[in-house]
Amino acid sequence: MAIKFHQKFYSDKVTAITDPFYMCRCRNEHAYWSVTYQRYCKECGEKLHCVPADQKNKKTAGS
């Protein structure tokens, strides 16, 4: 009999496996994926535009 392991959270114990990923981009074109909604770019401090990665309209963040 196989044992099934159902992980509910990432290793931070806060972010659920089912939480969506976000595609984020600032106006300086820094782009990255995040499992939490981010407000400011880690590289330059500019305000970010984040959209759910599974968004059906296929537009990239910041478009």
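Residues numbered from 1 in each chain as written. Predicted model: local features only at pLDDT ≥ 70, side-chain atom pairs only at ≥ 80, totals over all residues. Heavy atoms only, no water.

## So, the packing of aromatic side chains
Thought 1: Evaluation of the coordinates by the stated rule reveals 1 aromatic pair.
Thought 2: Relative to Trp-33, the ring of Phe-21 lies with its centre 6.4 Å away and its plane at 75 degrees, an arrangement referred to as edge-to-face. Taken together, the positions of Phe-21 in the segment before β1 (22-26) and Trp-33 in strand β2 (residues 31-34) put the pair 12 residues apart, joining distant regions of the chain.
Thought 3: Looking at Phe-21, the relative accessible area reads 36%, which means it is partly exposed.
Thought 4: Lys-42 extends its terminal NZ or CZ atom over the ring of Tyr-32, reaching a point 5.0 Å from the ring centre. (Phe/Tyr/Trp six-rings, centres within 6.5 Å; stacked < 30°, edge-to-face > 60°. Helix = DSSP H or I, 4+ residues; strand = E, 2+ residues; numbered from the N terminus. Buried < 20%, exposed > 50% of the residue type's maximum accessible area, 1.4 Å probe, protein only. Lys NZ or Arg CZ within 6 Å of the ring centre and 35° of its normal.)

## Structural notes on unusual backbone geometry
Thought 1: Not every positive phi belongs to a glycine, and Glu-29 is a case in point at roughly 70 degrees.
Thought 2: Within the fold, Glu-29 resides in the loop between β1 and β2.
Thought 3: When its relative accessible area of 55% is taken as the criterion, Glu-29 is described as exposed.

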